[in-house]
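Observations on chain architecture
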2 protein chains.
Amino acid sequence: MSGPKGFANGDELIAELAAIVGAGNCLSSQSDTAPYASDGRGLFTGSVAAVVKPATTAEVSAVVSACAHAGCGVVPHGGNTGLCGGTAPGPDGRDVVVSLERMNKVRLVDPANDTMTVDAGMILQNVQAAAAEADRYFPLSLNAEGSCQIGGNIATNAGGNAVLRYGNTRELILGIEAVLPDGSVFSDLRGLRKNNSGYDLKQLFIGSEGTLGIVTGATLRLFPARRQIETALLALASLDDVIALYLDAREHAQEFLTAFELTPRIGLTMAMQHVPGVADPFAEPHPYYVLLELSSSQTRVGLGDLLVDLLERNLEAGRIADGVVAGSLGDAQDFWRIREGCVEAQRIAGPSYKHDVSVPISAIPGFIESTKVTLELAYPSAAVVAFGHVGDGNIHFNVCAADMDRAEFAAAQHAIEEIVFDAVMARGGSFSAEHGIGLLKRDVLLRYTTPVGIDLMRAIKLAVDPAGSLNPGKVLHAPPAVPERQMEHATQ
Amino acid sequence: MSGPKGFANGDELIAELAAIVGAGNCLSSQSDTAPYASDGRGLFTGSVAAVVKPATTAEVSAVVSACAHAGCGVVPHGGNTGLCGGTAPGPDGRDVVVSLERMNKVRLVDPANDTMTVDAGMILQNVQAAAAEADRYFPLSLNAEGSCQIGGNIATNAGGNAVLRYGNTRELILGIEAVLPDGSVFSDLRGLRKNNSGYDLKQLFIGSEGTLGIVTGATLRLFPARRQIETALLALASLDDVIALYLDAREHAQEFLTAFELTPRIGLTMAMQHVPGVADPFAEPHPYYVLLELSSSQTRVGLGDLLVDLLERNLEAGRIADGVVAGSLGDAQDFWRIREGCVEAQRIAGPSYKHDVSVPISAIPGFIESTKVTLELAYPSAAVVAFGHVGDGNIHFNVCAADMDRAEFAAAQHAIEEIVFDAVMARGGSFSAEHGIGLLKRDVLLRYTTPVGIDLMRAIKLAVDPAGSLNPGKVLHAPPAVPERQMEHATQ
């Protein structure tokens, strides 16, 4: 089924890869490889020489080494749930996809050290479950947790719902094992909280989207299991109130504050319209809703009292218009269903442009309000849905087509993006808070990054991956010289 | 007073530097530059071409650019409090010291965003004070805080006393401004908690000891001010009890646990002998003492009750032999004086070898006990003082000469170091937890790091600083080719 694709010696390479991982784990027919030829959203479709599924780090190393000698590109795949096309192979059939799906085991749990070492291909939900089994808590949590892999979370420095208290994926990683572009293995899986012995090399691999190394294993920080969770859904009149409430909660309950999620009225109404089981718990409509969660591993201090205290104080201060406290796990799930339903409803409702941005917390109200006004003036039939992780300064500023003519909406993509991103950058924000760059945002990266920054990124890429063979063209456009380099490398 | 030193055009360069920073801020006589010619501990003394004190980032940029053209090395100086010789200039008079001491201002405080942007030359204590003035808390705290500078803390990824709860310096940095080896300025001072727009370049400069860039400014994470602090000093019978107590405190009070510091009996007796004001609060001697601190920004939940609860439970479980709770700030200071007196006493008592190591928390008792036995068998007249940050796995494993013959002790340095570091590395630890590498530990770095790791560090250094001009020879030995490169660069 295999055949010479975009480069010489394709058959030889495929035979070599099959010998490394076993014939059943080396796919080369078009029907077998098709599911790996696109990124998860289907934004980019390429063509692959082969898909290999190594079972060990040694196999990943041998695969990458073989690809380096053959001069082909290597595209790492985790759960393929990224939103920016970071897993799409190139168009010329020269790329080999390396899927980590078979590397899915826990290697070591050290409860006293609060660490766990895992294969990179473990699905995030299974990582969470393995921590829970040891009476520990691994806090990384996001919508795709049932299918995304921890290696992909690391490669993209995933954010999610618990960043407010526990940080991004970067803060949760103590050790990394990664295969470098030449097939050599960098391994430092020590579970140390303090280590200043030379450059902190693991930082290179976190958030670089598989362009500097393929993460094959990691040592994760764990935390005590949560034994108390209090959840409230609050209705507020303005974004200024939202921020004032956040500041009060931070001041008086920071240790326990694990979620502070914003949904606007339009997000709730869309969720009620499109997602079964979503209901408005309030008698009257309100402009904004905040899901606030407090949690703790200890049971000596009752969080219920603390929450009541917090709500009473903010009701009196006029910051909260109304509120409901979850009396059961079911209530809490209902509150979360509103937040998640807001995302799901947009998918169902029609086309939309997603902007995953961050600004300083102090700039959130001004950013959302003024950008909304600008967009509504320019595109009165479109609808802005701005929601997200207020405590992280991370707003998902989505623009839905709504009643706007679909062709006009399609034509307006770039102009809309420019309005949003310019507003973000003018406030010292980021045009990509948690989704990364992939293929989708390379030009935006170029536009909003200083030449010094871009030059540094290019210098790092060239230093670690001189042939440009690892996840080619992701984050940074591949330099024109790369194909020649690859060929030189191939003939060595 | 200036003259040609180790390289051609020395006079020209000095005139150029004086024109940039003002003659009064460009020192070149030997008497003026002498204080800058050694690292803070006086372990390494070199010779400098000049010492310059720029007042702005633009001046640092111009200075570094002039040095790059002249082909000389540039050695950044903060408070010069490092312990590994990272600030010592080279021996040949070709290095220019760039002292950040005049860049000592707060640039911006954003209380709602919980961030503060500062010049790199601000003394840490002044950073803490500026945060406190805004009713905020900047948690980085270490012995040298009265003279070390925040830029040096960043360059060395300083640890200190609050890592357990707030992380190392790396976790406290949201933005960085740095001057690169060619004089260009990398600037990203955005105070964002989520930002995945390309490689996270600030990570390059944190902990790389001034070898990749000179940090000139930073945006720091702040926290709510602490409004409750509870401190206890506990006496314990064994290291297993120390770890068991730590695990209990982590499980039942993690949100508030800000210090868990170990001092052995010998540390207390040495402190009582050498440091005025240190007293043993217990009626009988105990093998180990733990300083435990809980703190919080909120006042709704009383930490006093939580502490009593914790102590009662652990007394009943037999993990604590005795304990005292601070009834006043003065009491708490007395407890801290024991911990700090243990360090001071060693300085006064005579020569000692310091090993700043970390191991997984689960490995602490085995590491300390077995290494102590090995050393006491080999050197029965020496004394081991192992103390430190248990919750970070960070032990200061010091070996004091005590009654050992001074010449024999001097001759045994390498053998002692090897015993300690081999024991650390065999347990998956680090030979440098918070002090870094500088000049002092370069060979140790080579010994205990894989060739893949060393090659990656060298590739990064070469990519960012191809001429090898920034803090030459620190962390990594300068490659033999560097002088030639520098000269090539100089004639461009």
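The structure presented is a predicted model; accordingly, all values stated were derived computationally and were not measured.

Calculation rules
- Residues numbered from 1 in each chain as written.
- Chains lettered and ligands numbered in written order.
- Predicted model: local features only at pLDDT ≥ 70, side-chain atom pairs only at ≥ 80, totals over all residues.
- Heavy atoms only, no water.
- Helix = DSSP H or I, 4+ residues; strand = E, 2+ residues; numbered from the N terminus.
- Rg over C-alpha atoms; globule rule 2.2 N^0.38 Å.
- Buried < 20%, exposed > 50% of the residue type's maximum accessible area, 1.4 Å probe, protein only.
- Contact = heavy atoms within 4.5 Å.
- Phe/Tyr/Trp six-rings, centres within 6.5 Å; stacked < 30°, edge-to-face > 60°.
- Domains from an automatic or database assignment.
- Buried area = accessible area lost by both parts, 1.4 Å probe.
- Salt bridge = Lys/Arg side-chain N within 4 Å of Asp/Glu carboxyl O.
- Polar contact = N/O pair within 3.5 Å; in protein donor to acceptor, adjacent residues only side chain to side chain.
- Nonpolar A, V, L, I, M, F, W, Y, C, P; charged D, E, K, R; others polar.
- UniProt positions renumbered as here; feature names shortened; annotations may be inferred.
- Expected span 1.5 Å × (residues − 1).
- Least-squares fit on C-alpha atoms with pLDDT ≥ 70 in both.
- Axes fitted to C-alpha atoms, helices over the stretch in contact; angles between N-to-C directions.
- Parallel < 35°, antiparallel > 145°, perpendicular 65-115°, else oblique.
- Left-handed = near helix turned anticlockwise from the far one by under 90°.
- Pairing = 2+ DSSP bridges.
- 1 Å grid on protein atoms, 1.4 Å probe; cavity = no way out; pocket = protein on both sides within 12 Å on 5 of 7 lines; lining within 4 Å.
- Points joined across faces, edges and corners; volume = space filled by probe spheres on them.
- Disulfide = S-S within 2.5 Å.

The next point concerns the overall build of chain A. On a plain count of helices and strands, chain A comes out with 18 helices and 19 strands. In terms of overall dimensions, chain A is globule-like: its C-alpha atoms have a radius of gyration of 24 Å, near the 23 Å expected for 492 residues. Considering chain A as a whole, with its 492 residues, one finds that 60% of them fall into the buried category. The long-range fraction of contacts in chain A, counting pairs at least 24 apart against all pairs at least 6 apart in sequence, stands at 73%.

This brings us to the packing of aromatic side chains. Residue and element names in this part refer to chain A. Applying the stated rule across the entire model yields 21 aromatic pairs over all chains. Consider the rings of Tyr 137 and Tyr 166, whose centres lie 5.6 Å apart with planes at 70°: the pair is edge-to-face. With Tyr 137 in strand β7 (residues 136-137) and Tyr 166 in helix α6 (residues 163-166), this residue pair connects regions lying 29 residues apart in the sequence. You can call Tyr 137 buried: its relative accessible area is 17%. Where Tyr 246 meets Phe 260, the ring centres are 5.2 Å apart and the plane angle is 70°; that geometry is what we call edge-to-face. Here Phe 260 lies in strand β13 (residues 257-264) and Tyr 246 lies in helix α9 (residues 239-253), a separation of 14 residues in the sequence. Ring-pair connections join several aromatic residues into one group, and the members of that group are Tyr 137, Tyr 166 and Phe 223.

Residue and element names in this part refer to chain A. Once the domains are mapped, chain A shows domain 1 (106-224), domain 2 (226-349) and domain 3 (351-435). Using C-alpha coordinates to define each centre, domain 1 is positioned 31 Å away from domain 3. At the interface, six residues of domain 1 touch four residues of domain 3. When domain 1 packs against domain 3, the two sides together hide about 420 Å² of surface, and 43% of this comes from carbon and sulfur. Taken together, the connections running from domain 1 to domain 3 amount to zero salt bridges. Counting across the domain 1 and domain 3 interface gives two residue pairs in polar contact (both at pLDDT 80 or more). Split into classes, the residues belonging to the side of domain 1 that touches domain 3 amount to two nonpolar, four polar and no charged.

UniProt's entry tags residues 44-225 of chain A with the feature "domain: FAD-binding PCMH-type" (unreviewed entry), counted in the numbering of this structure. Taken end to end, residues 44-225 of chain A is 23% helix and 26% strand, and its first and last C-alpha atoms sit 40 Å apart.

Residues and elements named next belong to chain B. Here helix α9 (residues 239-253) spans 20 Å end to end across 15 residues, near enough to the 21 Å set by a 1.5 Å rise per residue. Counting buried positions along α9 yields eleven of 15 residues, so the element is predominantly enclosed. Capping the start of α9, Ser 238 holds a side-chain oxygen 3.4 Å from the backbone nitrogen of Asp 240, two or three residues further along.

Since the α-helix packs 3.6 residues into each turn, any two residues three or four apart lie on the same face. Residues and elements named next belong to chain A. The terminal C-alpha atoms of helix α3 (residues 57-70), which comprises 14 residues, lie 20 Å apart, in line with the 20 Å expected from a rise of 1.5 Å per residue. By the burial criterion, the buried members of α3 are Thr 57, Glu 59, Val 60, Ser 61, Val 63, Val 64, Ala 66, Cys 67 and Ala 68. Backbone geometry just after α3 places Gly 71 at a positive phi near 75°.

By a simple turn and slide, chain B fits onto chain A: the slide is 0.0 Å along the axis, the RMSD is 0.0 Å, and the turn is 180°. With respect to symmetry, the two chain copies, as superposed, fit the operation of a two-fold axis. Looking at chain B, 100% of its interface residues are interface residues in chain A too, so the copies touch through the same face.

Moving on to unusual backbone geometry. The backbone phi angle of Glu209(A) is positive, close to 55°, even though this residue is not glycine. With respect to the element layout, Glu209(A) can be found in the loop between α8 (202-205) and β10 (214-221). For Asn157(B), which is not glycine, the phi torsion reads 45° and is therefore positive.

To continue, consider the packing of helix α10 (residues 265-274) of chain B against helix α12 (residues 329-349) of chain B. Residue and element names in this part refer to chain B. Relative to each other, α10 and α12 sit at 70°, their axes nearing to 8 Å. One way to sum up the angle between α10 and α12 is to call them roughly perpendicular. Crossing hand, α10 versus α12: left-handed. Along its contact with α10, which presents Gly 267, Leu 268, Met 270, Ala 271 and His 274, the element α12 presents Ile 338, Gly 341, Cys 342, Ala 345, Gln 346, Ile 348 and Ala 349.

A word on the interface of chain B and chain A. With 90 residues of chain B in contact, the opposing surface of chain A contributes 91 residues. Taking both partners together, chain B and chain A bury about 6900 Å²; carbon and sulfur atoms supply 57% of that area. Counting the surface chain B buries against chain A, the share from its top three residues, Lys194(B), Asn196(B) and Tyr199(B), is 15%. If you look at where chain B meets chain A, you find 16 salt bridges. Residues Glu255(B) and Arg165(A) are paired through a salt bridge, measuring 3.1 Å at the closest nitrogen-oxygen approach. Here the element with the most residues in the side of chain B that touches chain A is helix α17 (residues 451-464) of chain B; it accounts for nine residues. The residue makeup of the side of chain B that touches chain A, split by class, is 36 nonpolar, 33 polar and 21 charged.

What follows concerns the pairing of β13(A). Residue and element names in this part refer to chain A. With eight of its eight residues buried, β13 lies for the most part within the structure. Bridge analysis of β13 against strand β14 (residues 288-296) gives seven bridges, and the strand direction is antiparallel. Counted as the bridge partner of Leu 257 is Leu 294 from β14. Bridge count between β13 and strand β18 (residues 383-389): two bridges; the pairing is antiparallel. Bridge pairing in β18 links Glu 261 to His 389.

Moving on, we come to the side chain of Asn157(A). Topologically, Asn157(A) is positioned in the loop between α5 (150-155) and α6. Taking relative accessible area as the criterion, Asn157(A) reaches 5% and is therefore assigned buried. Looking at Asn157(A), its side chain comes within polar contact range of the main-chain nitrogen of Arg170(A), at 2.8 Å. Apart from residues lying up to four places away in sequence, Asn157(A) is in contact with Asn168(A), Thr169(A), Arg170(A), Ile206(A), Gly207(A) and Asn196(B).

With that settled, the discussion passes to empty space enclosed by the protein. Overall, the coordinates contain eight cavities of 30 Å³ or more when judged by the stated rule. Within this model, the largest cavity holds a volume of roughly 220 Å³. The set of elements that each furnish at least two residues to the lining of the largest cavity consists of α8 of chain A together with α8 (202-205) of chain B. Residue composition of the lining of the largest cavity, grouped by class: twelve nonpolar, five polar and three charged.

Moving on: the sheet that holds strand β10 (residues 214-221) of chain B. What holds strands together in a sheet is hydrogen bonding between their backbones, with the strands either parallel or antiparallel. Residue and element names in this part refer to chain B. Spatially, β5-β6-β10-β8-β9 is the arrangement adopted by the five strands of the open sheet, whose pairing is antiparallel. If you trace the sheet from one side to the other, it starts and ends with β5 (106-110) and β9 (185-188), each paired once. Recorded for the sheet is a direction-independent mean angle of 10° between the axes of neighbouring strands. Two elements, β5 and strand β6 (residues 115-119), share four bridges in a ladder whose sense is antiparallel. Following the sheet pairing, Val 106 is matched in β6 by Val 118. Contacts between helix α3 (residues 57-70) and the sheet are confined to β5, β8 (173-179), β9 and β10, with β8 contributing the most and set at about 45° to the helix.

Of note, Lys194(B) is situated in the loop between β9 and α8. A residue is classified by how much of its surface remains accessible, and Lys194(B), at 0% relative accessible area, is buried. A distance of 3.4 Å separates a polar side-chain atom of Lys194(B) from the backbone oxygen of Gly160(A). Within polar-contact distance, the side chain of Lys194(B) engages the side chain of Asn394(A) at 2.9 Å.

Before going further, it helps to spend a moment on the state of the cysteines. All names here are of chain A. The final tally for this structure, using the stated rule, is zero disulfides over all chains. Here Cys 72 is not disulfide-linked; the sulfur of Cys 67 is the nearest cysteine sulfur, at 3.7 Å. A relative accessible area of 1% means that Cys 72 is categorised as buried.

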